[in-house]
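Structural features, examined
Next come the chains, spelled out residue by residue.
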Amino acid sequence: MPFEGVPGLVETREAFGETALVVDPARLVEACTLLRDEHGFEMLVDIAATDYLGWGSPGVSGYIGTAQGRNLNRPMTQGLQALPAPKPKRFSLNYHLLAIQPGAPRVRVQVWLDDGEPVPSVLSVWPGADWFEREAWDLMGIPIGGHPYPERLIMDEDWEGHPLRKDYPLGGEPVRFSGEE
Amino acid sequence: MALPVARPGQQDPIYEGTRIPSPIPTVLEVDPAVKDTDDILTVNFGPNHPSTHGVLRLIVDLDGEVVVGVHAKVGYVHTGFEKNMEQKSWWKAITYAPRIDYERSIRIQVVFVLAIEKLLGLEVPPKATWMRMLLSELNRIHSHLVWLGTAALELGAISMFWYTFREREMVLDLSELVAGYRMHTRYFQTGGLAEDIPAGFYPECRKFVEWMPKAIADYDALLAKNEIWEDRTVGLGLLNRRDAIALGQTGPVLRASGVDWDLRRDDPYLYYDRVRLHVPVFPQGDTYDRYRVRIEEMQASVEIVDQCLDRLERLEGEPWISDDRKVVLPPREELHTSMESLIHHFKIVTEGYRVPEGEVYVAVESPRGELGCYVVSDGGARPWRVKFRAPSFAALEATATMVQGAYIADLIAIVGSLDTVMGEVDR
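This section reports on the structure supplied with the text. The structure displayed is predicted, hence computed values, not measured ones. (Residues numbered from 1 in each chain as written. Chains lettered and ligands numbered in written order. Predicted model: local features only at pLDDT ≥ 70, side-chain atom pairs only at ≥ 80, totals over all residues.)

In this complex, chain A contributes 41 residues to the contact, which on the side of chain B involves 52 residues. Contributions of two or more residues to the side of chain A that touches chain B are made by strand 3 (43-51), strand 6 (91-98) and helix 2 (129-140) of chain A. Counting residues per element, the side of chain A that touches chain B draws most heavily on strand 3 of chain A, which supplies six residues. When the residues that make up the side of chain A that touches chain B are grouped by side-chain class, the tally is 26 nonpolar, 10 polar and five charged. (Contact = placed C-beta atoms within 7 Å. Helix = DSSP H or I, 4+ residues; strand = E, 2+ residues; numbered from the N terminus. Nonpolar A, V, L, I, M, F, W, Y, C, P; charged D, E, K, R; others polar.)

Okay, structure coming up:
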């Protein structure tokens, strides 16, 4: 499909029958507006954030929290056979778009971000982005620039950290009334 | 196909323009002129209220009995499914998927297994695909039955609950017959099914297919022309086509707003392109039409189950799982005679199979709308990232748009008509 005119387009990737457009975060809103108005992607289906910390070094996804702190799992035999292609930055944010048209065309708009780097809100393009953006901030710690209500969505308001990040321990929560508190 | 969005100059039958609150689309704010006056009463609704279908908290501002502000709070049952799945091998992570949504466990398993198979490029035998479809449709009936029973219960139609749960038992019995479990089955395996379809399933399922249309006619007779039901649902919780699409609504909510869209027909997966499929669409965008859509969908699902049975009965003795030994466990009896099979069995169980590097998004039409699964693999034995696109999550975003001007009693009917399951919203 012709996506050459999309503002801020860095790269178009085709894999597994899916099209991914890597877009410069600074021009994300422009790109999304054009995709909605010119290409008919009227529905934002999902925003999925991914943390690539430790990508390509097996064992990192196996953080286990212990009473002494965060320990790395032994990679054991679950290590990788080949190193995966390196990623440009730590986080990717994937906007899955759908056009309500015959053939159900879909496209993934992808932006790459460093830790703490904000991404502009696409609320003005699709109002349904609201909770998805707040979820990305809450669970993955991706600041959404220009969101009118940038509160946590899932976790408590006073929660520390962003639980779906790779450096957030699994099972590292202090257990209440356990005597270790 | 109908034009999805009313273009400028074209009459929208529900309401003109947009009702999505501004600047925050999911929060209905009280008019600042009356905000701090004595007329406004702020009520906390939930999180442990029986009509919230889980643990949803709504902070509602009332002017008399009219809802003038609403603010939804979610997250009470966040259990970190997605994070947990990253720690398990692909094989073990399948077990987590159905726990996310207890009413629709089959569907959410299918979408995860389909995502793994897409990354692997694995061919699935026809028998497994037909069975996946059959169970998915049974699951749709199950989900709609639970919705119908509880939604009617909330509006005082208590008898509906007993009727629908009678048929729900039948679906769960079928599920038990197939997988040994009533809910949260782990019957789908990468490459096919975990076991062959048990003897006696087809006749039992046929009985259900024969019984169900009559039961659906009964529900409809109890509710469709029921004056109280009509008073409580007609013209309430309005959502027009433009707003529904802008808010990312899918499934029955979208179809009740007049958008003719069903992934089973428009973006076919499994074998949905090989069956007759009726997609009910209603134009009024209210709670009553959402009820109509679900009733007709149950009938359509029964027809699909019937067609799947016709195909499955002809596939007696066919393989139910792929023969790719790098991914699929070898048959049990081979372990006693073949060293090679023993090694494969050991490797798959202890270490897990490796899935090629890549990222995919797979979507299926669940009873509540588009259920998506975004999966990233680094080429290892565990998923790098799993993200579910939950239709309930998107549906709740429309609450603030739908409840404008509604009475507090109708709030329950409107939120109920979205058919949300909080386990899936919070994950």
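With that settled, consider helix 3 (residues 105-120) of chain B. All names here are of chain B. With 16 residues, helix 3 should cover 22 Å at 1.5 Å per step; its first-to-last C-alpha distance of 23 Å lies within 8% of that length. Counting buried residues in helix 3 gives 16 out of 16 residues, a clear majority hidden from the surface. Of the residues flanking the end of helix 3, it is glycine 121, one or two places downstream, whose phi is positive at about 70°. (Expected span 1.5 Å × (residues − 1). Buried ≥ 20, exposed ≤ 12 C-beta atoms within 10 Å, placed from the backbone.)

So, on to the sheet that holds strand 3 (residues 57-63) of chain B. Residues and elements named next belong to chain B. Taking strand neighbours across the sheet as the criterion, the four strands line up as 1-4-3-2 in an open arrangement whose pairing is antiparallel. With one partner strand each, in any of the chains shown, strand 1 (27-28) and strand 2 (40-45) form the two edges of the open sheet. Bridge count for strand 2 against strand 3 is six bridges, and the pairing is antiparallel. Paired with threonine 42 across the two strands is aspartate 61, which belongs to strand 3. (Pairing = 2+ DSSP bridges.)

Now for the sheet that holds strand 3 of chain A. Residue and element names in this part refer to chain A. Ordered by their spatial adjacency, five strands build an open sheet running 1-2-7-6-3, and the pairing between neighbours is mixed. A strand with exactly one partner marks an edge of an open sheet, and here the two such strands are strand 1 (9-15) and strand 3. Here the average twist between neighbouring strands, direction ignored, is 20°. The pairing of strand 1 with strand 2 (residues 18-23) spans six bridges and is classified as antiparallel. Looking at the pairing, threonine 12 lines up with leucine 21 of strand 2. Where helix 2 meets the sheet, it contacts strand 3 and strand 6, and its direction lies at approximately 5° from that of strand 3. (Axes fitted to C-alpha atoms, helices over the stretch in contact; angles between N-to-C directions.)

Attention now goes to the pairing of strand 7 (residues 358-366) of chain B. Residue and element names in this part refer to chain B. With eight of nine residues buried, strand 7 is to be regarded as a mostly interior element. Across nine bridges, the pairing between strand 7 and strand 8 (residues 369-377) is antiparallel. By the bridge assignment for strand 8, glycine 358 is matched with serine 377. Between strand 7 and the antiparallel strand that follows it, strand 8, lie two residues.

In short, shape yes, function no, at least from these values alone.
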